[in-house]
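Architecture at a glance
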Amino acid sequence: MRDAAPTTIYLKDYEPFGFAVENVELTFELHPTATRVKSRIAFRPNPATTDRRFFLHGENLTLIRAAIDGAEVTPEITDEGLICTVADAPFTWEAEVEINPQANTALEGLYMSNGMYCTQCEAEGFRKITYYPDRPDVMAVFTVRMIAPQDEMPVLLSNGNGEGMGSDTASPGTHYATWHDPWPKPAYLFALVAGNLVSIEDSFTTLSGKHVRLAIWVRPGDEHKCAFAMEALKKSMAWDEKVYGREYDLDEFNIVAVDDFNMGAMENKGLNIFNSSAVLASPETATDMNFERIEAIVAHEYFHNWTGNRITCRDWFQLCLKEGLTVFRDAQFTADMRSAPVKRIQDAIDLRARQFPEDQGPLAHPVRPESFQEINNFYTATVYEKGAEVIAMLKRLVGDDAYARALDLYFQRHDGQACTIEDWLTVFEDVTGRDLTQFKRWYSQAGTPRLRVTDDWADGTYTLHVTQTLPPSATTPDPQPQVIPINLGLLGPNGDEVVPTTMLEMTQVSQSFRFEGLAAKPIPSILRDFSAPVVLERDSDSAERAFLLAHDTDPFNRWEAGRALARATLTDMATQGAAPDPAYLDGMLTVLRDDTLDPAYRALMLGMPGQSDLAGSIAQAGGTPDPMAIWQASETLKQALAQQCQDVLPRLYAEAHVDAPYRPDADQSGKRALGGAVLSLISRLDGGAQAATQYAQATNMTLQLQALGCVLSAKRGTAELGAFYTQWQTDRLVIDKWFMMQVVQAEPGDAARITETLTAHPDFNWKNPNRFRATLGALAMNHAGFHAADGAGYALLADWLIRLDPVNPQTTARMCQAFQTWKRYDADRQGMMREAMERIMGQDGLSRDTGEMIGRILSA
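Residues numbered from 1 in each chain as written. Predicted model: local features only at pLDDT ≥ 70, side-chain atom pairs only at ≥ 80, totals over all residues. Heavy atoms only, no water.

1. Comments concerning the pattern of salt bridges
If you walk through the whole model with that rule in mind, you get 66 salt bridges. The partner of Arg 329 in a salt bridge is Asp 240, and the shortest N-O contact between them spans 2.7 Å. On the criterion of sequence distance, the pair formed by Arg 329 in helix H3 (residues 319-337) and Asp 240 in helix H1 (residues 227-244) is long-range, its members being 89 residues apart. With relative accessibility at 0%, the residue Arg 329 sits in the buried group. Among the ionic pairs, Arg 368 bridges to Glu 422, the shortest N-O distance being 2.7 Å. Taken together, the positions of Arg 368 in the loop between helix H4 (340-359) and strand E23 (371-372) and Glu 422 in helix H7 (residues 421-432) put the pair 54 residues apart, joining distant regions of the chain. Taken together, the shared-partner salt bridges in this structure form one network comprising Glu 122, Glu 267, Lys 322 and Glu 323. (Salt bridge = Lys/Arg side-chain N within 4 Å of Asp/Glu carboxyl O. Helix = DSSP H or I, 4+ residues; strand = E, 2+ residues; numbered from the N terminus. Buried < 20%, exposed > 50% of the residue type's maximum accessible area, 1.4 Å probe, protein only.)

In structure tokens:
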């Protein structure tokens, strides 16, 4: 038996709930296997609808008692909740239920993580805590009382402001804490944490003079890993005041680090719950990239206080309203804290690696979907990252001033409401007077637009011809032209900029743009700053790409020119057996020699397109990618680049050394990034000797992990792997790195075998999402290894997804994305992937989450 037959939910069928909730009072008597939850909820008829059906969501609950206005009732219990007859008048609902947190391995609702109680209620976890209208448009004020053994659970936390704590006289040895959140919120923002925790505390004073207590709660022994997250929080609070005029609105702000967590973090009002990997860091245990990720996630969750909490989404189809906007805001923050060009390039790399394949495959869906079966499956790169790109385009189109005024109006008009994309766009229309009907197609059409560009030159006039296409898909069978901002600059033959960055606004299927009075035919720099999430198609040769690599004044497009050179030569090498393009090798040598460039930027320049990305490009061009040929081409080009640059590598490596005490700031991180990129090239020339020396002398995790990767890539490193494990075996987050590094660095023929060996390691806790992703997720990241011709990677991943699904459906379903590009490969690989997926699909009791994902992928 599988889960109950899935029901498809449609945006067009939205109806408001028949009752509004005035306030919620919850009492938790915490027990590992028998927690009692008592609820007292004040309902009143919702004037927005005449439908008075009273249905409360509830799953895996044992109902002990239910009453309306004090009179006990016997509701009808279903698999999804309860139904009860109520009067068309205000009333108070009371219920008492029992739940088993210890058995809740799905990590949704109230569960236990190494003896600590914690919650995850987004999207639909609250219904596993008590009976309630678990939907985002039902907002209420919550008061929470928790009772627990004082010795075992000395810390009791929930949303809002703490209102008191003390001994529970009715039960010796127990204590209680009461929390009150004065701001109405939907149930998905509810949070509770109880455990043996210690805190690192600080404070922040808002612009209006409000004093806010700040605390990060961790397990004893992790206190020394909290300082950076605390500084990131204070920077985020100050930045949101300065840039968006948003102050914090409670007396305290708490963050809790949890080991077992399906996501990165959760923005619960006043009590953010974080995956430990997204908050804990020290120079010895975390890399520069870890620090930057922590800074961004802390900011993201804090920014949700206004864009997600104070203003939330009416229904889950509007998820992009809070997530797209908040991702855009955290990207702005990171750009301000670090390097704007580097951040923009990183975002483009991530979008192309994760969201473009989603848009081009069976999992394609609009930024605002029209339907879903399991909402957990729509926490996607399309909703988050493409949603953020849509916000960025809107800001480009209306301008910075209008964007700021529109956001002010949005907060003023919709504070305390559950809103839609229509509400969001209306504030921009009201501020600018602009009709955004066509722009709204970015929210309703699936797929990545492709821009085909040609040009003409005659009598001093340069004309650019642009055509946009969007392939039809199941969700967008008849795509219509979208509004696309195209940032363009023109360079003269000598490299001077003859037309500075100008935004062209494309609204039709085909348009032409003329530039007159030019002395010579220019070289166009198109889509500067990656002004729209599209694929650019233009016939150009290596000479033009090399010219832009040398002269383009736009940092993104200069990087893009190098990327295009690398992509073209790698494609030719993988499909035609061509030799590395000298234009690429010469261009990269010039970049390395340019000491005026930011080290972090040069490090990104040295990066090559990912192998999965190359496979996608080959498939889009009508070819059939060969994963092994792509891997061999990548290895050959890296070797050629190392040989081309060998004279400058020792100097660059020495100059990247940082003598000052460790700081994870942009300056030091950039130098270490360049040093690591250079070390990877040096290792191809000296067999990893310099990397072994760096490993032995490393004083921080960034240098240590760089060196470990390089020695493994050089086909040595057994001693270093053993030493690394011995040194860090008691640090769970560092050992995640140990697992991941071995799989990512494995040669294609060894990847599945090494992964399988690691799954037998005593430290492989497959029920922990971080450890599972570090091992099986790393196998999916090793493109040639996962797609090895014998199919061992497919079979191994399927085996583990089958095992994980009954325990944690959410993590299982997300890992199924590894199969989403199956149709791009040869018939043998397609057959093996189909067999693996059908084996998953055929499991008795398969979860709705996983069934929907595999079903969509197989239907391609």
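What follows picks up the thread again.
2. Some details on the packing of helix H10 (residues 555-576) against helix H12 (residues 599-606)
Two numbers describe how H10 lies on H12: the axes approach to 9 Å, and their chain directions differ by 30°. Taken together, the axes of H10 and H12 are roughly parallel relative to one another. With respect to the hand of their crossing, H10 and H12 are arranged in right-handed fashion. Residues Pro 555, Arg 558 and Trp 559 of H10 form the contact with H12, whose own contacting residues are Tyr 601, Leu 604 and Met 605. Residue composition of the contact of H10 with H12, by class: five nonpolar, no polar and one charged. (Axes fitted to C-alpha atoms, helices over the stretch in contact; angles between N-to-C directions. Parallel < 35°, antiparallel > 145°, perpendicular 65-115°, else oblique. Left-handed = near helix turned anticlockwise from the far one by under 90°. Contact = heavy atoms within 4.5 Å. Nonpolar A, V, L, I, M, F, W, Y, C, P; charged D, E, K, R; others polar.)

3. Some words on the pairing of strand E17 (residues 198-205)
Judged from the eight bridges that link them, E17 and strand E18 (residues 211-218) form a sheet pairing that is antiparallel. Paired with Thr 205 across the two strands is His 211, which belongs to E18. Between E17 and E18, which pair antiparallel in sequence order, lie five residues; one of them, Gly 209, sits at a positive phi of approximately 95°. (Pairing = 2+ DSSP bridges.)

4. What to know about the packing of aromatic side chains
The geometry of an aromatic ring pair is captured by the separation of the ring centres together with the interplanar angle, meaning the angle of the planes. This model, assessed by the stated rule, comprises 44 aromatic pairs. On the numbers, 5.1 Å between centres and 35° between planes, the contact of Trp 239 with Phe 303 is tilted. Linking Trp 239 in helix H1 with Phe 303 in helix H2 (residues 288-303), this pair joins segments that are 64 residues apart in sequence. An identical accessibility class is assigned to Trp 239 and Phe 303; each is buried. An angle of 85° between the planes, with centres 5.1 Å apart, marks the rings of Tyr 410 and Trp 424 as edge-to-face. Of this pair, Tyr 410 sits in helix H6 (residues 400-414) while Trp 424 is found in helix H7, placing the two residues 14 residues apart along the sequence. (Phe/Tyr/Trp six-rings, centres within 6.5 Å; stacked < 30°, edge-to-face > 60°.)

5. Re the side chain of Arg 528
Counting through the fold element by element, Arg 528 comes out in the loop between strand E30 (523-526) and strand E31 (535-537). Since its relative accessible area comes to 1%, Arg 528 is described here as buried. Of note is the side chain of Arg 528, whose polar atom sits 2.9 Å from the side chain of Ser 525. (Polar contact = N/O pair within 3.5 Å; in protein donor to acceptor, adjacent residues only side chain to side chain.)

6. Some details on a nonpolar patch on the surface
A surface patch of nonpolar side chains, about 250 Å² in accessible area, is lined by Met 740, Val 744 and Met 781. With respect to the helices and strands, the residue Met 781 is situated in helix H22 (residues 769-781). On the accessibility criterion, Met 781 (54% relative accessible area) is exposed. (Patch = residues over 30% accessible without salt bridge, like charges linked within 9 Å, V, L, I, M, F, W, Y side chains within 5 Å. Areas by Shrake-Rupley, 256 points an atom, 1.4 Å probe, with all protein chains shown as cover.)

7. A word on the environment of Arg 545
Here Arg 545 is to be found in helix H9 (residues 542-551). Residue classification places Arg 545 among the buried positions, given a relative accessible area of 18%. Residues Arg 545 and Gln 508 lie 37 residues apart in sequence; the distance between their C-alpha atoms is 28 Å. Those residues in contact with Arg 545 that sit more than four places away from it in its chain are Ser 540, Ala 561, Ala 564, Leu 565 and Ala 568.

8. Remarks on unusual backbone geometry
With omega at 5°, the peptide bond leading from Glu 122 into Ala 123 counts as cis. Summarising the element assignment, Ala 123 is placed in the loop between strand E11 (116-120) and strand E12 (140-149). Of note in the backbone geometry, Asn 114 takes a positive phi value of approximately 50° without being a glycine. By secondary structure assignment, the location of Asn 114 is in the loop between strand E10 (109-113) and E11. Phi is positive for Asp 459, which is not a glycine, with a value near 50°. Residue position: Asp 459 is located in the loop between strand E25 (450-458) and strand E26 (461-469).

9. A few points about H4
Think of an α-helix as turning once every 3.6 residues; residues three or four places apart then point the same way. Maximum bend of H4: about 40°, positioned at Arg 352. With a side-chain oxygen lying 3.3 Å from the backbone nitrogen of Val 342, the N-terminal cap of H4 falls on Ser 339. (Bend = angle between axes of the 7 residues up to and from the residue.)

10. Re the sheet that holds E18
Consider a sheet: its strands pair through backbone hydrogen bonds, and that pairing is either parallel or antiparallel. If you trace the five strands from one edge of the open sheet to the other, you get E17-E18-E19-E21-E20, paired in mixed fashion. Looking at strand neighbours, the two that pair on one side only are E17 and strand E20 (265-266), the edges of this open sheet. Alignment of strand E19 (residues 252-258) against strand E21 (residues 271-275), held across five bridges, turns out to be parallel. Paired with Val 256 across the strands is Ile 273, a residue of E21. Sheet strands touched by H1: E17, E18 and E19. Its angle to E17, the strand with the most contacts, is close to 25°.

11. Topic: the sheet that holds strand E15 (residues 174-185)
Read from one edge to the other, the open sheet built from eight strands follows the order E6-E5-E9-E3-E2-E12-E15-E14, with strand pairing classed as mixed. Each edge of the open sheet carries a strand with a single partner, namely strand E6 (71-72) and strand E14 (161-167).

12. Quick word on the environment of Lys 823
Within the secondary structure, Lys 823 is located in the loop between helix H25 (809-815) and helix H26 (827-841). The spatial distance from the C-alpha of Lys 823 to the C-alpha of Gly 195 is 48 Å, given a sequence separation of 628 residues. Aside from chain neighbours lying at most four places away, what touches Lys 823 is Gln 830 and Ala 860.

13. Brief notes about H1
The terminal C-alpha atoms of H1 lie 25 Å apart, and with 18 residues this matches the ideal 26 Å at 1.5 Å per residue to within 8%. Residues of H1 that are buried: Phe 228, Ala 229, Met 230, Ala 232, Leu 233, Lys 234, Ser 236, Met 237, Trp 239, Asp 240, Glu 241 and Tyr 244. Where the residues of H1 are buried, they touch E17, E18, E19, H2, H3 and H6. Among the residues trailing H1, Gly 245 stands out with phi positive, at a value near 70°. (Expected span 1.5 Å × (residues − 1).)

14. A short note on the packing of helix H13 (residues 611-620) against helix H14 (residues 627-644)
Two elements in contact, H13 and H14, have axes whose closest approach is 10 Å; the angle formed by their N-to-C orientations is 120°. Considered as vectors, H13 and H14 are oriented oblique to each other. In this structure, H13 crosses over H14, and the sense of that crossing is right-handed. Residue-level contacts link Gln 611, Leu 614, Ala 615 and Ile 618 of H13 to Ile 630, Trp 631 and Ser 634 of H14. Partitioning the contact of H13 with H14 into residue classes produces five nonpolar, two polar and no charged.

15. A look at the state of the cysteines
Tallied over the entire structure, the rule returns zero disulfides. Unpaired in this structure, Cys 118 has its nearest cysteine sulfur neighbour in Cys 121, at a distance of 10 Å. Relative accessible area serves as the criterion here: at 0%, Cys 118 is assigned to the buried category. (Disulfide = S-S within 2.5 Å.)

16. What about the pairing of strand E5 (residues 62-68)?
Where E5 and strand E9 (residues 91-99) come together, six bridges link them in antiparallel fashion. What sits directly across from Ile 68, in E9, is Trp 93. As judged from the two bridges shared by E5 and E6, these two strands associate in the antiparallel manner. Directly across from Ile 68, in E6, lies its bridge partner Ala 71. Counted between consecutive antiparallel strands, the loop separating E5 from E6 contains two residues, among which Asp 69 sits at a positive phi close to 50°.

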